[in-house]
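Residue-level structure breakdown
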Protein chains: 2
Amino acid sequence: MPSPLQFHFDFSSPYGYLASEKIEALAARYGRAVDWRPMLLGVAFKTTGAQPLTMIPLKGAYTKHDVPRSARFHGVPLRMPAKFPIATQAPARIVLWQRERDPGGCGTLVKALYRAYFVANRDISDPDIAADVAAEIGANREGARAAVDAAALKDALRKEVEAAIAKGVFGSPFVFVDDEPFWGIDRFAQIERWLAEGTF
Amino acid sequence: MPSPLQFHFDFSSPYGYLASEKIEALAARYGRAVDWRPMLLGVAFKTTGAQPLTMIPLKGAYTKHDVPRSARFHGVPLRMPAKFPIATQAPARIVLWQRERDPGGCGTLVKALYRAYFVANRDISDPDIAADVAAEIGANREGARAAVDAAALKDALRKEVEAAIAKGVFGSPFVFVDDEPFWGIDRFAQIERWLAEGTF
């Protein structure tokens with residue numbers, strides 16, 4: 001079995017959300033699984049000097065127009081949340097907690113959290129709401145809620161983010177096919193060709 | 001005849017170069033022409049606070065990898081120039097000069113200048129070299145060379161750049177289909193659907 005696609009994402013990233021709805025089918029067409037890697041983009045932004053897209057003059061206005069248009073283009077439901085952007089430590093830690101218990105169930109949790117935020121307007125930065133979402137897909141609610149404040153999970157997320165930045169991750173979504181990096185849902189066509197041909 | 005696609009670009013932008021090799025065929029499939037609009041990205045960067053991509057930590061290294069990979073993906077020849085980035089006032093003014101004389105020939109000149117820089121490693125920031133390229137596609141060499149220093153063309157380029165920024169242009173390539181904005185060669189699939197369906 002070839003190695004899974006490494007899918008790095010931040011829960012506050014709308015393009016990460018759109019990509020989360022597409023990555024599994026893309027991977028499956030080439031016999032690959034998806035390894036879900038939650039990221040804190042704010043930490044990477046300290047390295048690159050970037051700001052959240054929507055806050056940048058000109059680019060911000062364009063992004064607010066491009067995100068819903070891209071959602072329609074990709075056929076993914078989207079309703080921009082009332083609170084945006086958000087801090088994403090809580091859902092990220094719950095994903096890392098879940099990954100220890102059931103790596104195969106990670107995708108279901110990630111997609112449920114993303115949809116809660118980008119479709120149902122639920123503020124998943126709130127640990128209680130993030131734990132509710134985890135419970136709705138069958139996880140233990142108390143365990144998920146406790147994970148948000150657990151020192152071990154805080155440490156695991158810090159290491160996860162540091163490792164991602166060390167690999168060159170600076171945006172969301174950011175996908176590795178073996179060691180080949182692809183930034184953005186815009187690169188899915190290139191990912192597809194890379195998977196099909198090995199290189200190009 | 002529907003209105004032409006507005007194609008905004010900077011001669012120092014490798015993604016703008018790749019797009020310049022693709023935009024005419026895309027437009028022609030939907031009975032459209034291309035209106036070539038040279039841009040000075042550095043002026044827009046003052047508004048957005050952006051830097052040249054290759055100079056940004058992490059993103060710079062990725063871009064240096066992504067540009068040649070994207071060229072291969074799109075089947076466009078590319079050899080990164082020894083001097084990069086460059087100031088692009090000289091070729092931009094020659095394009096504006098040419099547009100006054102022969103609007104229909106603009107695409108030939110833009111593509112010749114882009115290829116001179118991104119394939120043949122010729123420094124088109126040098127007014128003499130930019131004028132040489134114009135002469136090679138049949139323009140009057142002395143006229144092209146004089147355009148670089150002409151007050152009227154300096155003024156025309158300043159207005160062109162200001163008008164582009166006022167329309168929201170902050171990157172290269174940047175395409176308008178009627179009034180709909182699309183940033184990047186990554187949006188060509190969306191441009192194609194927009195041209196086919198009128199909206200989506």
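Some remarks on the overall build of chain A
Summing up its helical and strand segments, chain A has 10 helices and 4 strands in all. Along its sequence from the N terminus, chain A presents helices and strands in the succession β-α-α-β-α-α-α-α-α-α-α-β-β-α. Dimensions of chain A, computed from the C-alpha atoms along their principal axes, are close to 45 × 45 × 35 Å. For chain A, restricting intrachain contacts to residue pairs at least 6 apart in sequence, the fraction spanning at least 24 positions comes to 71%. Working note: accessible area of chain A is about 8300 Å², and carbon and sulfur atoms make up 53% of it.

Some points on the packing of aromatic side chains
All names here are of chain A. Tallied over the entire structure, the rule returns 40 aromatic pairs over all chains. Pairing Phe9 with Phe11 gives two aromatic rings, centres 5.0 Å apart and planes at 85°, and the pair type is edge-to-face. A single burial state applies to Phe9 and to Phe11, both of which are buried. Put simply, the rings of Phe7, Phe9, Phe11, Tyr17, Trp36, Phe84, Tyr114, Tyr117 and Phe118 pair up and form one aromatic cluster.

With respect to the sheet that holds strand E1 (residues 5-9) of chain A
The pairing of strands in a sheet happens through backbone hydrogen bonds and is either parallel or antiparallel. All names here are of chain A. With respect to topology, 4 strands assemble into an open sheet ordered E2-E1-E3-E4, the strand pairing being mixed. Looking at the sheet topology across the chains shown, the edges are occupied by strand E2 (34-38) and strand E4 (180-183). Direction aside, the axes of adjacent strands within the sheet are offset by 20° on average. Pairing analysis gives 3 bridges linking E1 to strand E3 (residues 174-177), with the strands arranged antiparallel. Within the sheet, the bridge partner assigned to Gln6 lies in E3 and is Phe176. Strands E1, E3 and E4 of the sheet are contacted by helix H10 (residues 188-197), whose axis makes an angle of about 10° with E3.

So, the pattern of salt bridges
Residues and elements named next belong to chain A. In the structure shown here, the tally under the stated rule is 38 salt bridges over all chains. Residue Asp35 pairs with Arg37 through a salt bridge whose shortest N-O separation is 2.8 Å. Like Arg37, Asp35 is buried.

Focus on H10(A)
Residue and element names in this part refer to chain A. Among the residues making up H10, those that are buried are Phe188, Gln190, Ile191, Trp194 and Leu195. One side of H10 holds all its buried residues, which, seen down the axis, span an arc of 155°. Phi turns positive, to about 85°, at Gly198, one or two residues after H10.

Overview of the environment of Leu41(B)
All names here are of chain B. The residue Leu41 is located in helix H3 (residues 41-48) in this model. Leu41 gets classed as buried once you look at its relative accessible area, which sits at 11%. Separated by 14 residues in the primary sequence, Leu41 and Met55 have C-alpha atoms spaced 14 Å apart.

What about helix H8 (residues 141-149) of chain A?
Residues and elements named next belong to chain A. For H8, the complete set of buried residues consists of Gly143, Ala144, Ala147 and Val148. Buried residues of H8, viewed axially, fall in a sector of 145°; they line one side. Packing partners of the buried residues in H8 comprise helix H5 (89-101), helix H7 (127-136) and helix H9 (151-167). One side-chain oxygen at the N-terminal end of H8 lies 3.2 Å from the backbone nitrogen of Glu142; it belongs to Asn140.

Thoughts on the relation of the copies chain B and chain A
The transform that puts chain B on chain A rotates by 180° and translates by 0.0 Å along the axis, for an RMSD of 0.0 Å. Classification of the inter-copy transformation places it as that of a two-fold axis. Considering only C-alpha atoms, the residue of chain B closest to the rotation axis is Asp186(B), which sits at 2.8 Å. A share of 100% of the interface residues of chain B reappears at the interface of chain A, consistent with the copies meeting face to face through the same patch.

Let's talk about the sheet that holds strand E2 (residues 34-38) of chain B
The 4 strands are arranged E2-E1-E3-E4 (chain B) in an open sheet whose pairing can be described as mixed. Looking at strand neighbours, the two that pair on one side only are E2 and strand E4 (180-183) of chain B, the edges of this open sheet. The mean angle between the axes of side-by-side strands here comes to 20°, regardless of whether they run parallel or antiparallel. As paired strands, strand E1 (residues 5-9) of chain B and E2(B) are joined by 5 bridges and run parallel to one another. Each bridged residue has a counterpart across the sheet, and for Phe7(B) the counterpart in E2(B) is Trp36(B). Sitting on the sheet, helix H4 (residues 59-74) of chain A is in contact with strand E3 (174-177) and E4 of chain B, with an inclination near 95° to E4(B).

Some words on the interface of chain B and chain A
On the chain A side, the residues contacting the 30 residues of chain B number 30 residues. Across the chain B/chain A interface, buried area totals approximately 2900 Å², and carbon plus sulfur atoms make up 58% of it. Of all residues in chain B, Leu58(B), Tyr62(B) and Phe73(B) give up the largest surface area on contact with chain A, accounting jointly for 24% of the area buried on that side. Where chain B touches chain A, the interface holds 6 salt bridges. Across the pair Glu180(A) and Arg69(B) runs a salt bridge, and its minimum N-O distance is 2.8 Å. Counting across the chain B and chain A interface gives 20 residue pairs in polar contact (both at pLDDT 80 or more).

Thoughts on unusual backbone geometry
Residue and element names in this part refer to chain A. Note that the residue after Ser172, namely Pro173, is joined by a cis bond; omega there is 0°. When you line up the elements, Pro173 lands in the loop between H9 and E3. One non-glycine residue, Leu58, lies in positive phi territory at about 65°. We classify Leu58 as partly exposed; its relative accessible area is 21%.

Parameters at a glance
Every chain begins its residue count from 1, and numbering advances along the sequence as written. The order in which chains are written sets their letters, starting at A; the order in which ligands are written sets their numbers, starting at 1. Given that the model is predicted, a residue must reach a pLDDT of at least 70 before its local features are reported, and side-chain atom pairs must reach 80 or more before they are shown or counted; all residues, however, enter totals for whole chains, interfaces and linings. Side-chain metrics rest on all non-hydrogen atoms present in the structure, leaving aside hydrogens and water. In this text, helices come from DSSP runs of H or I with a minimum length of four residues, and strands from runs of E with a minimum of two, each type numbered from the N-terminal end. When checking whether two residues touch, look at their non-hydrogen atoms; a contact exists if any pair is within 4.5 Å. Calculation of accessible area relied on Shrake-Rupley with a 1.4 Å probe; when residues are assessed, cover is drawn exclusively from the protein chains displayed. Any two rings among Phe, Tyr and Trp, with Trp reduced to its six-membered ring, count as a pair given centres within 6.5 Å; such a pair is stacked if its planes are under 30 degrees apart, edge-to-face if over 60, and tilted if neither. Any residue under 20% of the maximum accessible area for its type is buried, any over 50% is exposed, and the rest in between are partly exposed; the area is computed with a 1.4 Å probe on protein chains only. Here, a strand pair is defined by DSSP locating no fewer than two bridges between the strands. Convention adopted: a line fitted to C-alpha atoms gives each axis, helices being fitted over their contacting stretch, and angles between N-to-C directions are expressed from 0 to 180 degrees. Salt bridge, as used here, is a side-chain nitrogen of Lys or Arg placed within 4 Å of a carboxyl oxygen of Asp or Glu. This arc is built from the directions going out from the helix axis to the C-beta atoms. Under the rule applied, a polar contact is a pair of N or O atoms within 3.5 Å (in protein, one hydrogen donor and one hydrogen acceptor; residues adjacent in sequence only if both atoms are side-chain atoms). Fitting of the copies onto one another was done by least squares over C-alpha atoms, counting residues only where both copies have pLDDT of at least 70. Throughout, the accessible surface (probe 1.4 Å) given up by two parts as they are put together, summed over both, is called the buried area.

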